[in-house]
Amino acid sequence: MRRLYATVAAGSFRRHATYRVATAAGVFTNSVFGLVLSYTYIALWDERPHLGGYSMDDALAYVWIGQALLTVCGLMGGGFENELIERIRTGDIAVDLYRPADLQTWWFSVDLGRSAYQLLGRGIAPMAVGWLVFRFTLPAGPGAWLAFLAAVALGSTVGFALWYLVAMSAFWLLDGQGVVQVAWLGGLFFSGMLLPLNVFPGALGEVARALPWASLLQVPADVYLGKYEGWGLAGAYAFQGGWALVLLGAGRAVQTAATRKVVVQGG
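Residues numbered from 1 in each chain as written. Predicted model: local features only at pLDDT ≥ 70, side-chain atom pairs only at ≥ 80, totals over all residues. Heavy atoms only, no water.

(A) Quick look at the overall build of the protein chain. In terms of regular secondary structure, the protein chain is built from 11 helices and zero strands. In sequence order, the secondary structure elements of the protein chain are arranged as α-α-α-α-α-α-α-α-α-α-α. For 267 residues, the compact-globule estimate of 2.2 N^0.38 gives 18 Å, and the C-alpha radius of gyration of the protein chain, at 19 Å, lies within 12% of that figure. When each of the 267 residues of the protein chain is scored for burial, the buried share is 47%. Carbon together with sulfur atoms contributes 68% to the accessible area of the protein chain, which is approximately 12,800 Å² in total. Placing the 17 positive and 15 negative side-chain charges of the protein chain at their respective mean positions leaves the two points 10 Å apart. (Helix = DSSP H or I, 4+ residues; strand = E, 2+ residues; numbered from the N terminus. Rg over C-alpha atoms; globule rule 2.2 N^0.38 Å. Buried < 20%, exposed > 50% of the residue type's maximum accessible area, 1.4 Å probe, protein only. Areas by Shrake-Rupley, 256 points an atom, 1.4 Å probe, with all protein chains shown as cover. Lys, Arg positive; Asp, Glu negative; His and termini not counted. Charge placed at Lys NZ, Arg CZ, Asp CG, Glu CD.)

(B) Representation of a nonpolar patch on the surface within the structure. Together, Phe 28, Val 32 and Val 36 give the surface a local cluster of nonpolar side chains, amounting to about 290 Å² of exposed area. Position of Phe 28 relative to the elements: it lies in helix 2 (residues 20–47). A relative accessible area of 60% places Phe 28 in the exposed class. (Patch = residues over 30% accessible without salt bridge, like charges linked within 9 Å, V, L, I, M, F, W, Y side chains within 5 Å. Salt bridge = Lys/Arg side-chain N within 4 Å of Asp/Glu carboxyl O.)

(C) Quick peek at the nonpolar core. Membership of the largest hydrophobic core comes to 36 residues, with the highest contact counts inside it found for Ile 65, Phe 136, Leu 217 and Tyr 224. If you list the elements that add at least two residues to this core, you get helix 2, helix 3 (56–72), helix 6 (103–134), helix 7 (142–168), helix 10 (218–224) and helix 11 (231–266). For this core, the element with the most residues is helix 3, which contributes 11 residues. Ranked by size, the runner-up nonpolar core spans 21 residues in total, among them Leu 97, Leu 103, Val 180 and Ala 258. (Core = buried A, V, L, I, M, F, W, Y, C linked by side-chain atoms within 4.5 Å.)

(D) Structural detail: the pattern of salt bridges. Going through the model one piece at a time under the given rule, you end up with six salt bridges. Of the charged contacts, one joins Arg 89 and Glu 86 as a salt bridge, the two residues approaching to 2.6 Å between their closest N and O atoms. Within this pair, Arg 89 and its partner Glu 86 are both found in helix 4 (residues 81–90), separated by three residues, close to a single helical turn. Note on Arg 89: relative accessible area 56%, which makes it exposed. A relative accessible area of 37% means that Glu 86 is categorised as partly exposed. Here Asp 96 and Arg 87 are joined by a salt bridge, their closest N and O atoms 2.6 Å apart. A relative accessible area of 7% places Asp 96 in the buried class. Arg 87 gets classed as partly exposed once you look at its relative accessible area, which sits at 24%.

Here is the structure:
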């Protein structure tokens, strides 16, 4: 069974690799938006140096980390939820639920292949563009890079779990697009894509940093910038891993309820 899921992930990687023009367009879009956001940050940090505990170089690095992880961690969409929602809407999902393969693990494998390709295809290039223009902060060494990649992997898992729940809500809604839009806005705001969550004031900041969306960008960015060391780094991973377990468990519960619903209706 593991070989099956590995094959699904590899197939998903190859599938996304065929859309080279779309990848190039995505790199261009991320780079342009990164430039616009960078100059906005420069103006803001000129007025408020060390805002949120970040230096100017840290703030610029944060911008380009966000552009790199936008599709990798699914900040504005997981890349699979519309397909899954459509299968639920048409009833094709009944066939999927009766297959011997686990539905959640199948789609996780699909998303894993997509995320891996996006990291290579749309993650590295915008970061390189940003560094060539601004020469922002880089991790101190190979160990710091590995710590960052581990945080990205956990963030991608949380992103999948969030979007899987969003997609599965279509079992009880006539149209899942409303939930998709709400999740899209939540990911954009509460991940720290617009501004680091450390900048958010008071209770809003505390709540934002406690929500699962913080795992998608804020935590990986702070790991990249060396804000966590020792037990602090372990705590950051525990935060991401905890949300991943909770959300995957919720997705499993929703899947079980959906399976019962299909069985009852089919009977």
